[in-house]
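Residue-level structure breakdown
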Amino acid sequence: MELSRRSMMGGIAALAAAPLLAETAPPPKRRVSAVTTCPVPGVEMRVPATGGNLYARGNGTLAGGPAPVLFLHGGPGGSHLGMVGALPLADIRGVILYDQLDCGLSDRPGNRAGWTVDRFVSEIDSMRRAFNLDRFHLSGTSWGGTLALEYAARQPDGLESLILFSPLVSTRAWLADAAVWIAQMPPEMQADIAEAQRTRNFEADTFMAADLFYARRHLSRERLSPLHLACQGRNDPLFNLDLYMHMWGPSEFVVTGTLGDYDGEHLLPRVAVPTLFVGGEFDEARPATLKEFARRVPDARYRMIAGSGHWIENDRPAEHQQALRDWLNGRA
């Protein structure tokens, strides 16, 4: 059952390769992309940042055209491999993916003093300098949404818009959403989760089974998309479980790490650019919660993707692309 841990917020292949679990009502059928090869980076570079060098890749027109989009992966501990579903967007504007420090192909100094929200946010300006991003759009998924919201709330010059896929805005709200979903699980699994939380034994097979059941319902509901399979194979070796455990904890709905008291809700009214919230129908960040967050941003809208869990670009790749294209259409 270790698969469920290694599949956390960055969208790791192991979970998507795991057996599907029965649902009381099957989700709408996914439209599968025909992509069978991974797009080759137009440019790759090592980007200097506080604490080490970051791996980055770019595709599409990165200068002299519409403002590129910088994508922030989930985790903490994920990698750019979870974000390759954004690469088809490179036919209309530049797409930049990178690995956060201690993640993916970036340097891994392992300095826990640097595992803070502010230091990870500082990487965005490092990327801007490296790619000469005077103007750009910023998109963050899950934990990447945390970093994107933090950055946008500082109202930096040159930021054209903000796109938040299933963001972690506050741990309190995240756990409240999890409680709603857990209450809909089989009673015996609810009891197993309660027992693990009481004893703090998150290694028990019964808890692991309940954890995986939750993940298959709310983290990723589909097997790997052809594009993700082409880019990373069936297993992602780049996920940093130690970083995830240090900042988050042993499960998507059990927080024992440094993000336990994280709260970015006060940042929502400070975002001064047009903002799009996107979430799945069965997302860990529930539709009602994201809709309320969008209401608190001065210029924001919310879009729900039917049938999807948290990892929208894998569960519903066509709808993921369409949401991006619809939002960016006509923007600088």
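Everything numeric here is computed off the predicted structure, so don't read it as measured data.

What counts as what
Residue positions within a chain follow its written sequence, with the count starting from 1. Local features in a predicted model are, by the rule used here, given only for residues with pLDDT of at least 70; side-chain atom pairs are given and counted only at 80 or more, and totals for whole chains, interfaces and linings are based on all residues. The side-chain quantities take in all heavy atoms of the structure and omit both hydrogens and water. Under the DSSP-based scheme used, a helix requires at least four consecutive residues in state H or I and a strand at least two consecutive residues in state E, with every element numbered from the N terminus. Each accessible area value is a Shrake-Rupley result obtained with a 1.4 Å probe; residue values ignore everything except the protein chains displayed when judging cover. Two strands qualify as a pair provided that DSSP identifies no fewer than 2 bridges between them. To obtain each axis, a line is fitted to C-alpha atoms, and for helices this fit is confined to the stretch in contact; angles are then taken between N-to-C directions over 0 to 180 degrees. The contact criterion used is simple: two residues touch if any of their non-hydrogen atoms lie within 4.5 Å. Side-chain atoms alone can form a polar contact between residues adjacent in sequence; in general such a contact is a pair of N or O atoms within 3.5 Å, and within protein one must be able to donate a hydrogen while the other accepts it. UniProt positions are given in the numbering used here, feature names are shortened, and annotations may be inferred rather than shown by experiment. In this analysis a 1.4 Å probe is tested at points of a 1 Å grid over the protein atoms alone, and where it fits but cannot get out there is a cavity; an open set with protein on both sides within 12 Å along at least five of seven lines is a pocket; lining residues have an atom within 4 Å of a point. Per-residue accessibility, obtained with a 1.4 Å probe over protein chains only, is compared with the maximum for each type, and a residue is labelled buried under 20%, exposed over 50%, and partly exposed between these values. For this analysis, a salt bridge means a side-chain nitrogen from Lys or Arg found within 4 Å of a carboxyl oxygen belonging to Asp or Glu. Should an angle fall under 35 degrees it is called roughly parallel, over 145 degrees roughly antiparallel, and 65 to 115 degrees roughly perpendicular, with every other angle called oblique. Crossing handedness: left-handed means the near helix sits turned counterclockwise from the far one by under a right angle, and right-handed means the same turn made clockwise. Under this grouping Gly is polar, as are all residues other than the nonpolar Ala, Val, Leu, Ile, Met, Phe, Trp, Tyr, Cys and Pro and the charged Asp, Glu, Lys and Arg.

1. Comments concerning the overall build of the chain
Helix and strand counts for the chain come out as 13 helices and 8 strands. Total accessible area on the chain is roughly 12600 Å²; 52% of this is exposed by carbon and sulfur atoms.

2. Considering the sheet that holds strand β3 (residues 69–72)
Ordered by their spatial adjacency, 8 strands build an open sheet running β1-β2-β4-β3-β5-β6-β7-β8, and the pairing between neighbours is mixed. Where the open sheet ends on each side, the last strands, each with one partner, are β1 (43–49) and β8 (300–305). Averaged over all neighbouring strand pairs, the angle between strand axes comes to 20°, with direction disregarded. Direction of pairing for β3 relative to strand β5 (residues 136–141): parallel, over a ladder of 4 bridges. Note on β5: the bridge partner recorded for L72 is G140. Along the sheet, helix α4 (residues 117–131) makes contact with β1, β2 (52–59), β3, β4 (95–98) and β5, crossing β1 at roughly 130°. Set on the sheet, helix α13 (residues 317–328) makes contact with β3, β5, β6 (159–165), β7 (275–280) and β8; between it and β6 the angle comes to about 155°.

3. Examining the environment of R331
If you trace the backbone, R331 turns up in the segment after α13. Here the alpha-carbon distance between R331 and P66, two residues 265 residues apart in the chain, equals 7.9 Å. Discounting chain neighbours no more than four positions away, the residues touching R331 are R93, H137, S161 and P274. A distance of 2.5 Å separates the side chain of R331 from the backbone oxygen of W327, its partner in a polar contact.

4. Some words on the UniProt feature "active site" (unreviewed entry) in the chain
Following the UniProt record, the feature "active site" (unreviewed entry) maps to S142, D283 and H310 here. On the basis of their most widely separated C-alpha atoms, the annotated residues across 169 residues gather in one place, lying no more than 10.4 Å apart. Taken from the residues named earlier, the lining of the largest cavity is made up of H310. Secondary-structure assignment places S142 in the loop between β5 and α5 (143–152). Judged by relative accessible area, S142 falls into the buried class, the value being 0%. Along the chain, D283 falls in the loop between β7 and α11 (287–295). Each residue touching D283, except ones within four places of it in the same chain, is listed here: S166, W181, H218, S308, G309, H310 and I312. Of the polar contacts made by the side chain of D283, one reaches the backbone nitrogen of G280; its length is 3.0 Å.

5. Looking at the pattern of salt bridges
Oppositely charged side chains are able to pair whenever their charged atoms sit close together. Applying the stated criterion to the full structure yields 14 salt bridges. As a salt-bridge pair, R325 and D91 come within 3.0 Å of each other at their nearest N and O atoms. Of this pair, R325 sits in helix α13 while D91 sits in the loop between β3 and β4, and the two are 234 residues apart along the sequence. The class of D91 is exposed, set by a relative accessible area of 56%. A salt bridge links D177 to R286; its shortest N-O distance comes to 3.4 Å. Residue D177 is located in helix α6 (residues 171–182), and its partner R286 is located in the loop between β7 and α11; the two are separated by 109 residues in the primary sequence. Three or more residues joined by partner-sharing salt bridges are found here, namely D118, E150 and R154.

6. Focus: the packing of helix α7 (residues 187–199) against helix α8 (residues 205–218)
Relative orientation of the contacting elements α7 and α8 amounts to 120°, with a least axis distance of 9 Å. The orientation of α7 relative to α8 falls into the category oblique. Where α7 crosses over α8, the handedness of that crossing is left-handed. Contact residues: M189, D192, I193 and A196 in α7; T206, F207, A209, A210 and F213 in α8. Looking at the contact of α7 with α8, its residues break down into 7 nonpolar, 1 polar and 1 charged.

7. Let's talk about the pairing of β7
Taking burial as the measure, the 6 residues of β7 include 6 buried ones, the bulk of the element. Side-chain alternation along β7 places T275, F277 and G279 on one buried face and L276, V278 and G280 on a second face that is also buried. Note that β6 and β7 share 4 bridges and pair parallel. Its bridge partner being in β7, L162 is matched across the sheet by T275.

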